[in-house]
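Single-letter residue listing:
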Amino acid sequence: MRYLILTYYRKADGKIDEAMAVARNLKTRDIQTASVILDFKKLEVLKCSMGGEQVPKDWDHIVGYYHQHYASTIERLLNENGYEIVKPEEPSVETQPAETNPS
């Protein structure tokens, strides 16, 4: 799979619903109706609009936001397209030697 496609729908009661899909190829329908299209082969944002307004196409910012909600899907897309996921190292906790009381 290559693309992450997110589409936002406004329901009759005014609430917004989200549909997420992954695809090998883009269809004309996807390009016309999707709110967000991310290409994980080229690591680029093809489309990003929220509520009809264009949002800056900053790959790191957008993928970081959606990673909170779709971590396993995004990691799988990165792996399938030949990218290695490098997790930040945990800071090492060094223990201080306990002070000895000379008395």
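Our subject is the structure that appears above.
Here's what I pulled together on the structure shown here. (Residues numbered from 1 in each chain as written. Predicted model: local features only at pLDDT ≥ 70, side-chain atom pairs only at ≥ 80, totals over all residues. Heavy atoms only, no water.)

Side note on the overall build of the protein
When helices and strands are tallied, the protein shows 3 helices and 5 strands. Reading the protein from its N end, one meets helices and strands in the order β-β-α-β-β-β-α-α. Of the roughly 8000 Å² that the protein leaves accessible, carbon and sulfur atoms contribute 49%. (Helix = DSSP H or I, 4+ residues; strand = E, 2+ residues; numbered from the N terminus. Areas by Shrake-Rupley, 256 points an atom, 1.4 Å probe, with all protein chains shown as cover.)

What about unusual backbone geometry?
A positive phi angle is found at Leu-43, which is not glycine, with a value near 55°. Here Leu-43 is to be found in the loop between strand S3 (36-39) and strand S4 (44-50).

Here's the deal with the nonpolar core
Among the nonpolar cores identified, the biggest contains 15 residues, and Leu-4, Leu-38, Phe-40, Tyr-66 and Ile-74 are the most heavily contacted of them. Among the secondary structure elements, those contributing two or more residues to this core are strand S1 (3-10), S3, S4, helix H2 (59-69) and helix H3 (71-80). With 4 residues, the single largest contributor to this core is H2. Those residues within four positions of Leu-38 in sequence are excluded, and the remaining contacts are Arg-2, Tyr-3, Leu-4, Glu-44, Val-45, Trp-59, Ile-62 and Val-63. (Core = buried A, V, L, I, M, F, W, Y, C linked by side-chain atoms within 4.5 Å. Buried < 20%, exposed > 50% of the residue type's maximum accessible area, 1.4 Å probe, protein only. Contact = heavy atoms within 4.5 Å.)

Quick notes on the packing of aromatic side chains
Tallying each qualifying case throughout the model produces 2 aromatic pairs. Aromatic pair Phe-40 and Trp-59: ring centres 5.1 Å apart, planes at 70°, arrangement edge-to-face. A residue pair is termed long-range when its members are at least 10 positions apart, and Phe-40 in the loop between S3 and S4 and Trp-59 in helix H2 qualify at 19 residues. For the pair Phe-40 and Trp-59, one class covers both residues: buried. Aromatic pair Tyr-65 and Tyr-66: ring centres 5.0 Å apart, planes at 80°, arrangement edge-to-face. (Phe/Tyr/Trp six-rings, centres within 6.5 Å; stacked < 30°, edge-to-face > 60°.)

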